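A look at the structure
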Amino acid sequence: MTKYRTLVLATIGFNFSFLIWFSFAPFTGPMAEEFGLSLAEIGILASAAIWLAPFGRILTGWLSDKYGAPTVFAIVLGYVGIFSMASAFAQSYTIFFIERLIVATAGITFVIGIQHVSEWFEAEELGTAEGIYAGIGNAGAAGGALVLPRVFGEGWSGPLFQTNWRAAFFYTGVVSIVLAVAYYALGEAAKSDEKRQATKDNASFRGWFYTATRYGTVVLALAYVMTFGLELSMNGWLATYYREGFATNNLVLASTFAATFSIAAGLLRPIGGYVSDVLARNERDILPFFTGRYREQWTFVTLCFVVCSMFGMTLAGLTGEVLLAVAAGFLVGTGCALAEGSIFAQVPAMFPNSSGAVAGVVGGVGTVGGIAYPLVYSAQFLPDLHTGYSVVAASMIPIVLLTAWVFQPKIASVANEDGFTSDTRTTTPADD
């Protein structure tokens, strides 16, 4: 069936987008040596991978509603591939930094795929379908950490490059262009002309502003800061952390340790969406509060788990045992996966005809954590490389408290209608 082909196509496209997005992470050591980068500058490079994502995701979410996911996805994969190939030839660090900044916009494809999948699947299947899409897609970071250092390892020698990271950037760029052509040729925007038109009709600035300021959109966006934003920060940082924090000088070993987090954060995400679907279908309460708000209860539980696991990350690191720290990282990844799956089970269910716009806001704002958190991890004012995780965990507590307020049944029942601004529309969107 076409809807399953759409799910497979979107998942493959996003999986590779995630791989190319964080393809720099396994090679921070060789790049630092070649360009003379300090540890703090590596932290900035990891942060820079997220700089353009907030605006890019917001824009492409709306564009996907307006023009259809296949066209927008193909354009992004195409230019990302070109700039990835170009970065392989950069001799100036300034030029290299700018080119990799553009390559990092591969991460905006997330909201395109979310919109594409939501155009094909019914409400009762959305959490599971979106979880499969995003979970396997996010695992692309683990694929990059596991595969790229092995394929393009130390001593790489090929027809064009003697430097391993340059070869990796060139050939991943080639694959990205091939996938762009495939997505455009094989993708179909929606399951029916009526569904496509309903989504397109809601793609106005007034409609976007309305949905962007609803309580549900805002709180899910902030929750995504502390989950997906956290995941982004860890994907770009953990290889460096395991290498520098535990004197693990083996590039492949450090990348493998980091990949355990990415595997958990990616492959376990469908479980988060599936549990949300099951609770909603069976109308099952799992908390003594938020009665009747089944998806919200599950989301709240997973957010609390993320905070606790981040404090555990610091405690594990302070023991000096790298394997304990790797296990703690796996638990953080598990928390991210479950929470992200639950959040994006709520998005299309709450805003069925504006899923691209809302996914863009939630996904775009969520990436802010990926910008800010690496700067905390590598901050020179901290006593060690382990304490930063607890600082980040403490900053998440106000977000959890805000979700507790919005998830109250009285507010949650109108969270897609009431918001932080008054309704100035002249028409009512079909999804209200």
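Residues numbered from 1 in each chain as written. Predicted model: local features only at pLDDT ≥ 70, side-chain atom pairs only at ≥ 80, totals over all residues. Heavy atoms only, no water.

In this section: the overall build of the chain. For the chain, the helix and strand inventory stands at 22 helices and zero strands. A globule of 432 residues ought to have a C-alpha radius of gyration of about 22 Å, and the chain, at 21 Å, matches this closely. Its C-alpha atoms put the chain at 60 × 50 × 35 Å along the principal axes. For the chain, the residues scored as buried account for 61% of the 432 residues in total. In the chain, the share of contacts with a sequence separation of at least 24, taken over all contacts with a separation of at least 6, comes to 81%. For the chain, the exposed surface amounts to about 15,700 Å²; the carbon and sulfur share of it is 67%. Side-chain charges of the chain comprise 21 positive and 29 negative groups, with the mean position of each set lying 4 Å from the other. (Helix = DSSP H or I, 4+ residues; strand = E, 2+ residues; numbered from the N terminus. Rg over C-alpha atoms; globule rule 2.2 N^0.38 Å. Buried < 20%, exposed > 50% of the residue type's maximum accessible area, 1.4 Å probe, protein only. Contact = heavy atoms within 4.5 Å. Areas by Shrake-Rupley, 256 points an atom, 1.4 Å probe, with all protein chains shown as cover. Lys, Arg positive; Asp, Glu negative; His and termini not counted. Charge placed at Lys NZ, Arg CZ, Asp CG, Glu CD.)

Now for a nonpolar patch on the surface. Taken together, I44, W51, L52 and L375 make up a surface patch of nonpolar side chains, about 350 Å² in accessible area. Note that W51 resides in the loop between α3 (39-48) and α4 (53-67). (Patch = residues over 30% accessible without salt bridge, like charges linked within 9 Å, V, L, I, M, F, W, Y side chains within 5 Å. Salt bridge = Lys/Arg side-chain N within 4 Å of Asp/Glu carboxyl O.)

For the rest of this paragraph, the subject is the nonpolar core. Among the nonpolar cores identified, the biggest contains 123 residues, and W21, L230, M234, Y241, Y242 and M310 are the most heavily contacted of them. Considering each element in turn, this core owes the most residues, 11 residues, to helix α18 (residues 322-350). Residues contacting M234, with those up to four places away along its chain left out, are F261, M310, M313, V332, Y377 and Y389. (Core = buried A, V, L, I, M, F, W, Y, C linked by side-chain atoms within 4.5 Å.)

Across all of its chains, the model carries nine salt bridges by this definition. Salt-bridge contacts for E125 lead to K3; the nearest nitrogen and oxygen are separated by 3.1 Å. Note that E125 is positioned in helix α8 (residues 123-138) and K3 in helix α1 (residues 2-21), a separation of 122 residues in sequence. According to the relative accessible area criterion, E125 is partly exposed, its value standing at 26%.

Looking now at the packing of aromatic side chains. Taken as a whole, this structure holds 42 aromatic pairs when the rule is applied. Taking 5.7 Å as the distance between ring centres and 80 degrees as the angle between the ring planes, the aromatic pair formed by Y215 and W405 counts as edge-to-face. Of the two residues, Y215 sits in helix α13 (residues 215-225) while W405 sits in helix α21 (residues 388-406), which places them 190 residues apart along the sequence. Seen from their ring centres, Y224 and F228 are 5.1 Å apart, and the 15 degrees between their planes marks the pair as stacked. The exposure class of Y224 is buried, given its relative accessible area of 0%. Pairwise contacts between aromatic rings join F14, F18, W21, F22, F24, F110, Y133, Y224, F228 and F344 into one cluster. (Phe/Tyr/Trp six-rings, centres within 6.5 Å; stacked < 30°, edge-to-face > 60°.)

Now for the environment of R206. Within the secondary structure layout, R206 lies in helix α12 (residues 205-212). A sequence separation of 127 residues divides R206 from Y79, and the C-alpha atoms of the two residues are 30 Å apart.

It is worth spelling out the confidence of the model for the chain at this point. When pLDDT is averaged along the chain, the result is 87; 94% of the residues meet or exceed 70. Within the model, pLDDT remains below 50 along residues 424-432, and this stretch shows 18 contacts once partners closer than five positions in the same chain are excluded. (pLDDT = per-residue confidence, 0-100.)

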